[in-house]
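Residues per chain, in single letters:
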Protein chains: 2
Amino acid sequence: MEKITPHVVIIGGGFGGLMAARKLARSPVRITLIDRKNHHTFQPLLYQVATAGLSPGEIAAPLRWILRGCPNIQVLLAEVEDFDLSRRVVRLSGEEIPYDYLIVAAGASHAYFGHDEWEPFAPGLKTIEDALELRRRILLAYELAERRAANGEEELPLNFVVVGGGPTGVELAGTLAEIARRVLANEFRSIDPKRTRILLLEGGPRILPAYPEDLSQSAAGQLQRLGVEVHTSTLVTGIEPAEVRIGEARIPAAGILWAAGVAASPLGKKLGVPVDRAGRVLVNPDLSIAGHPEVFVIGDLAALKDEHGKLLPGVAPVAMQEGTATARNIQRDLQRKPRQNFHYVDKGSLATIGRAAAVADFGKFHVSGFIAWLSWLFIHIFFLIGFRNRLIVLIQWAWSYFTYERGARLITGDTRLPGWDDLESTHSERPKQRVG
Amino acid sequence: MEKITPHVVIIGGGFGGLMAARKLARSPVRITLIDRKNHHTFQPLLYQVATAGLSPGEIAAPLRWILRGCPNIQVLLAEVEDFDLSRRVVRLSGEEIPYDYLIVAAGASHAYFGHDEWEPFAPGLKTIEDALELRRRILLAYELAERRAANGEEELPLNFVVVGGGPTGVELAGTLAEIARRVLANEFRSIDPKRTRILLLEGGPRILPAYPEDLSQSAAGQLQRLGVEVHTSTLVTGIEPAEVRIGEARIPAAGILWAAGVAASPLGKKLGVPVDRAGRVLVNPDLSIAGHPEVFVIGDLAALKDEHGKLLPGVAPVAMQEGTATARNIQRDLQRKPRQNFHYVDKGSLATIGRAAAVADFGKFHVSGFIAWLSWLFIHIFFLIGFRNRLIVLIQWAWSYFTYERGARLITGDTRLPGWDDLESTHSERPKQRVG
């Protein structure tokens, strides 16, 4: 006997999973959305939390609040451990959830190219927790430098090294430069934050490799005007506490930020179908997987090529369109209509660099500088989930645009930094009297 | 040879220390303000962070940002380990800072009446980190309850127990009741948040013992109308994971919040002068300590009685007035004028209970309900440090007043709860199929 209401299980409340849930909210299905966080994170603005411009609550909203008006959707906070595709169940710790349709939208994390030992010294940026950790390290570096300098000790050079010249690396580097030169400029007595060096290291021949070449050049120029040192064709060969190695060269670093590799969620491999080198699942043109038309993979976890044979990028618009397409195909199944293949409609790409600095690729039109930045600003605020957040983010940004203030500069948690601890412990053996 | 510019060292950037620093900013002194956090925390609004109404960045601001316009003030992020009053130095880890004047404003923390083993199961509320931990536990309790119920398992009763009927306990209990009945009401599918029980336990015969008796009664009535069960003359005898014991009775608890005891900073004892039972330093009428006119203790760390022999309470107005008085006495020393004794000017006390519910004691006038709440609201927003924060807090509150939304409902960090773990591990041994 067939079930009357099909059960759709969605794994992941990012852009793809959330869009699929919303598009199915008025359909005759029951939906269970499972995420290991209680909130949707607006990832394109995570760098603003890492650089103290926005608070976590301004770029994230509880999934069950976003979906409160959808009585057919249940949100569960849980971590998925495995699947049994033959029995059509998802395994949580100690519990199984049966499904009729499964949408896996578990996303991606950062990867260290086989050097996981670098992670403690060069954290990446994928979650709210990551962003708070980066913020802690950046702000703490200035505090510890001030304390050393006040104590008459040799300064650790205030170098911040950003590894990876994609959109996240470019955003972080540009914003760090602004903070050093404008935000913190008058708040320290023993160090001069303007002497901060920001190094952006990119392994390939140009930054923003997914963008047209003229925009890469424009971005590099805009970064350099902000005071960022851009190094292309530069491969990192080692990362130690407070030090980056490039071949034989060693760069002392007060902070190291990882914005380079991406690895798909390990859940991809558990589906038992082929994955690519980054762990992305090879999907059919309708985003289902081989042998299981009832299982879809969308977003950063899916590997799908466009008509030119180019892999679709891991960005929010792709994930959202895939979520919509998958919801439509499930609706078409229920209506006994044939499925449609997914086609990505590229409306352009935007990368921000800093205050009034950005690049935009609208296909025929390439835009740089203030106009690109304004486009970026309004598109991002428009897409932020929840009206209250949008309003507050707009006020925060207007305020910080005119005053150069950043409102979320709190250090919470531990007040030690890797690479600075040795220093502290050496000290305690030889107390030193400060010159009164 | 005498130093030309006296060096004032202030320990603690709370209400007392910050006020002393600001009042000395235009005097011919050098000031070093030392705090183990980089930010001033507006403690009266911490309960709003714990209950997800405000983000940490909205009630805290970096000390060096607050003091950026004072070139004679240096802010250091450091933990004070000890003093050497005879040599007039403050000891940090591995470093000594000499002073001409020392103001110790290190505040207080929560105390468990000799039962420190209760702390992991019943966290208190003194810092931003504490508030985030309470928020995590409160929100997570609902998430785990929803997951259990969705899985068809027996519900752990959604009881929240607040221990201590002072202002913090009253605020927490009232706000929790509102969250359960209004904010979360429509967001869960398998549990009914309206069935949450909030228990406020007070050891003494009435809540808000520092307030006049009629206001205690009014507060208890307002709490009961919000749905809080108020239990006075009720002594907690044991706290276990997810359980509170009162004599032989055991109350299962999804969350336990500690708002009872207060202990002064351990730095008080290191000054070598008598302290009271709570560790507060007995000070002279000018707030200096016996034998050391150059050392002052102010704020929650100081024990000083008013003209009626009543100990001054540990509240922000006392600390701020003490900071001002100490700054003036240092200025009088420099001008070779005699010092003045401290006199607290009591402008009244306010305790908030929830939405449009509060009590206010203005001496002759006792006010309850909406008017008291409005007074509370405007006084607190007025005193919030920093204009941007004030504006944003006002918008957040206006928004949540009219919509019953709370904007900061993020769970960050670990997604386990003490007392719920056993459950999780029992599960994993016997997977259970949910009824599809």
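Residues numbered from 1 in each chain as written. Chains lettered and ligands numbered in written order. Predicted model: local features only at pLDDT ≥ 70, side-chain atom pairs only at ≥ 80, totals over all residues. Heavy atoms only, no water.

Q: Before we move on, can you summarise the environment of A:Arg225 with the specific residues and values?
A: Structurally, A:Arg225 can be placed in helix α7 (residues 213–226). Under the relative-accessibility criterion, A:Arg225 is labelled exposed at 68%. (Helix = DSSP H or I, 4+ residues; strand = E, 2+ residues; numbered from the N terminus. Buried < 20%, exposed > 50% of the residue type's maximum accessible area, 1.4 Å probe, protein only.)

Q: I'd love a proper account of the sheet that holds strand β14 (residues 238–240) of chain A, names of residues and values included.
A: Residues and elements named next belong to chain A. Overall, antiparallel pairing links the 3 strands, which are arranged β14-β15-β16 in an open sheet. Unpaired on one side and paired on the other, β14 and β16 (249–252) mark the two borders of the sheet. Along the sheet, successive strands turn relative to each other by an average axial angle of 20°, direction set aside. Of the pairings in the sheet, the one linking β14 to strand β15 (residues 243–246) comprises 3 bridges and is antiparallel in character. Looking at β15, one finds that Gly238 is bridged to Arg245. (Pairing = 2+ DSSP bridges. Axes fitted to C-alpha atoms, helices over the stretch in contact; angles between N-to-C directions.)

Q: Hey, could you go over the interface of chain B and chain A for me, with residue numbers and the actual values?
A: A common way to express how large an interface is: the accessible area buried when the components associate. Every contact between the two is made by 70 residues of chain B and, on the other side, 70 residues of chain A. The interface formed by chain B and chain A includes 4 salt bridges. Taking the shortest distance from any N to any O, the salt bridge between B:Glu95 and A:Arg147 comes out at 3.3 Å. For the interface between chain B and chain A, the tally reads 24 residue pairs in polar contact (both at pLDDT 80 or more). When the residues that make up the side of chain B that touches chain A are grouped by side-chain class, the tally is 29 nonpolar, 19 polar and 22 charged. (Contact = heavy atoms within 4.5 Å. Salt bridge = Lys/Arg side-chain N within 4 Å of Asp/Glu carboxyl O. Polar contact = N/O pair within 3.5 Å; in protein donor to acceptor, adjacent residues only side chain to side chain. Nonpolar A, V, L, I, M, F, W, Y, C, P; charged D, E, K, R; others polar.)

Q: Quick rundown of the relation of the copies chain B and chain A? Include the residues and the values.
A: Placing chain B over chain A gives an RMSD of 0.0 Å and needs a rotation angle of 180°, together with 0.0 Å of translation along the axis. Here the transformation between the copies is reduced to the relation of a two-fold axis. Comparing contact sets, 100% of the residues at the interface of chain B also lie at the interface in chain A, consistent with an isologous, same-surface contact. (Least-squares fit on C-alpha atoms with pLDDT ≥ 70 in both.)

Q: Explain the packing of aromatic side chains to me, and be specific about the residues and the numbers.
A: All names here are of chain A. Applying the stated criterion across every chain, the model contains 17 aromatic pairs over all chains. Consider the rings of Trp118 and Trp258, whose centres lie 5.8 Å apart with planes at 65°: the pair is edge-to-face. Placement of the pair is Trp118 in the loop between β10 (108–111) and α5 (128–150) and Trp258 in strand β17 (residues 255–258), with a sequence separation of 140 residues. Here Trp258 falls in the buried class, since its relative accessible area comes to 3%. Three or more aromatic residues link up through ring pairs in this structure, and these residues are Tyr112, Phe113, Trp118 and Trp258. (Phe/Tyr/Trp six-rings, centres within 6.5 Å; stacked < 30°, edge-to-face > 60°.)

Q: Describe helix α5 (residues 128–150) of chain B, listing the residues and the values that go with them.
A: Residues and elements named next belong to chain B. In this model, α5 (23 residues) spans 33 Å end to end at C-alpha, consistent with the 33 Å of a helix rising 1.5 Å per residue. Extensive coverage of α5 is indicated by the burial of 20 of its 23 residues. Phi turns positive one or two residues past the end of α5, at Gly152, with a value near 75°. (Expected span 1.5 Å × (residues − 1).)

Q: I'd like to hear about a nonpolar patch on the surface, residue by residue, with values.
A: All names here are of chain A. Taken together, Ile379, Phe382 and Phe383 make up a surface patch of nonpolar side chains, about 310 Å² in accessible area. Its location among the elements puts Ile379 in helix α9 (residues 370–383). Given a relative accessible area of 36%, Ile379 falls into the partly exposed group. (Patch = residues over 30% accessible without salt bridge, like charges linked within 9 Å, V, L, I, M, F, W, Y side chains within 5 Å. Areas by Shrake-Rupley, 256 points an atom, 1.4 Å probe, with all protein chains shown as cover.)

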